[in-house]
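Commentary on secondary and tertiary structure
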Amino acid sequence: TRTSRPQRILKAVQRKATVGDPQSVITAIDHFCRHREWAMNVGDEKGSILDSVVNEVSPVTVLELGTYCGYSTVRIARLLPPGACVITLEFNPDYAAIARQVIKWSGLEDKVQLVEGASGDCIPWMKEHFGVQAFDLVFLDHWKERYLPDTKLLEECGLIQKGTVLLADNVICPGTPDYLEYVRNSPRYNSHYYRSHLEYTKAEDGLEKSVFLGY
Ligand SMILES: O=C(NCCNC(=O)c1cc(-c2ccc(F)cc2)cc(O)c1O)c1cc(O)ncn1
Ligand SMILES: [Mg+2]
């Protein structure tokens, strides 16, 4: 097909959503992915859980691993007060190019720093490059086999501190068994599973919220 799925998602946003209105961007993407083409956005059901965790944490600095088209980036950024921001990492340049336009359409570009690169390469530079002390909230939604190594890397870099909340998508489908085992058995995390469904389907999936208790 001539265009990519992310390009068709962007077109749906440009056709159906209002510039500067994040909720209309979210609604346009959910409608397209439910009625036209499935895509791997966190979606509306798990997205509501994401919203409730963001509101509960009221983070100043958020790290998102895996931007894709920017759907969850917009969900998070729309809830942030002035001065708070989300740094989102995306490895795939085509996804990143679409996400920049979706984030711009939503009018939230001032609250978002999109970084193109592999999480394993970027995380060690976070403190130096972005002046980040520690993240208040980390949303894991990238390659599932990277959840555990990147969590350990964030710990080693001192970017996870007492009270930092990790929220992981897809812990059932596609699944992140080694990550789940780690956060559920580690004495340094308090974990809770929010049962839900794989975006736009009836398949089981869920989000795992893990609070770092400190060393
Ligand atoms: O695929 C890259 N990232 C997306 C990670 N996210 C997922 O893989 C993902 C997958 C699914 C999913 C679930 C069921 C199913 F049948 C198929 C896919 C759902 C989700 O909610 C995700 O979040 C990627 C590519 C690349 O070239 N470089 C860096 N990253
Ligand atoms: Mg996901």
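Refer to the preceding data block for the structure.
Residues numbered from 1 in each chain as written. Chains lettered and ligands numbered in written order. Predicted model: local features only at pLDDT ≥ 70, side-chain atom pairs only at ≥ 80, totals over all residues. Heavy atoms only, no water.

1. Notes on the site of ligand 1
Around ligand 1 lies a shell of 14 residues, among which Phe-91, Asp-141, Trp-143, Asn-170 and Glu-199 are the nearest. Between ligand 1 and the protein, one listed contact pairs a nitrogen atom with a side-chain N or O atom of Trp-143 at 3.2 Å. Residues belonging to the shell around ligand 1 are distributed by class as follows: seven nonpolar, three polar and four charged. (Near = heavy atom within 4 Å. Polar contact = N/O pair within 3.5 Å; in protein donor to acceptor, adjacent residues only side chain to side chain. Nonpolar A, V, L, I, M, F, W, Y, C, P; charged D, E, K, R; others polar.)

2. What about the pattern of salt bridges?
Inspection of the entire model under this criterion finds 16 salt bridges. With a closest N to O distance of 2.5 Å, Glu-37 and Arg-8 form a salt bridge. You can see Glu-37 sitting in the loop between helix H2 (22-35) and helix H3 (43-57) and its partner Arg-8 sitting in helix H1 (residues 5-16), a full 29 residues away along the chain. We note a salt bridge from Asp-141 to Lys-144, for which the minimum N-O separation is 3.4 Å. When sorted by exposure, Asp-141 lands in the same class as Lys-144, which is buried. Where salt bridges share partners, they join Lys-46, Asp-169, Glu-199 and Asp-205 into one cluster. (Salt bridge = Lys/Arg side-chain N within 4 Å of Asp/Glu carboxyl O. Helix = DSSP H or I, 4+ residues; strand = E, 2+ residues; numbered from the N terminus. Buried < 20%, exposed > 50% of the residue type's maximum accessible area, 1.4 Å probe, protein only.)

3. Quick word on a positive patch on the surface
On the surface, Arg-2, Lys-11, Arg-15, Lys-16 and Arg-36 cluster together to form a positively charged patch. Examined against the element boundaries, Arg-2 turns out to sit in the segment before H1. According to the relative accessible area criterion, Arg-2 is exposed, its value standing at 78%. (Patch = residues over 30% accessible without salt bridge, like charges linked within 9 Å, V, L, I, M, F, W, Y side chains within 5 Å. Areas by Shrake-Rupley, 256 points an atom, 1.4 Å probe, with all protein chains shown as cover. Lys, Arg positive; Asp, Glu negative; His and termini not counted. Charge placed at Lys NZ, Arg CZ, Asp CG, Glu CD.)

4. Here's the deal with H3
Taking 1.5 Å per residue, 15 residues should reach 21 Å; H3 reaches 20 Å between its end C-alpha atoms and fits that length. All buried positions along H3 are accounted for by Gly-43, Lys-46, Gly-47, Ile-49, Leu-50, Asp-51, Val-53 and Val-54. Immediately downstream of H3, the backbone of Ser-58 shows phi near 35°, a positive value. (Expected span 1.5 Å × (residues − 1).)

5. Notes on the packing of aromatic side chains
This model, assessed by the stated rule, comprises six aromatic pairs. Here Phe-91 and Trp-143 contribute two aromatic rings whose centre-to-centre distance is 5.3 Å and whose plane-to-plane angle is 40°, an arrangement assigned as tilted. Placement of Phe-91 in the loop between strand S2 (85-90) and helix H5 (93-106) and of Trp-143 in the loop between strand S4 (137-140) and helix H8 (147-156) is noted, with a sequence separation of 52 residues between them. Ring plane angle 55° and centroid distance 5.1 Å describe the contact between Tyr-189 and Phe-212, whose orientation is recorded as tilted. (Phe/Tyr/Trp six-rings, centres within 6.5 Å; stacked < 30°, edge-to-face > 60°.)

6. Quick look at the coordination of the magnesium ion (ligand 2)
Coordination sphere of the magnesium ion (ligand 2), protein contribution only: Asp-141 (OD), Asp-169 (OD) and Asn-170 (OD1), at 2.0 to 2.2 Å. The motif formed by the donor residues of the magnesium ion (ligand 2), counted along the single chain, is D-x27-D-N. An identical accessibility class is assigned to Asp-169 and Asn-170; each is buried. (Donors = N, O, S within 2.8 Å, 3.2 Å for Na, K, Ca; no water.)

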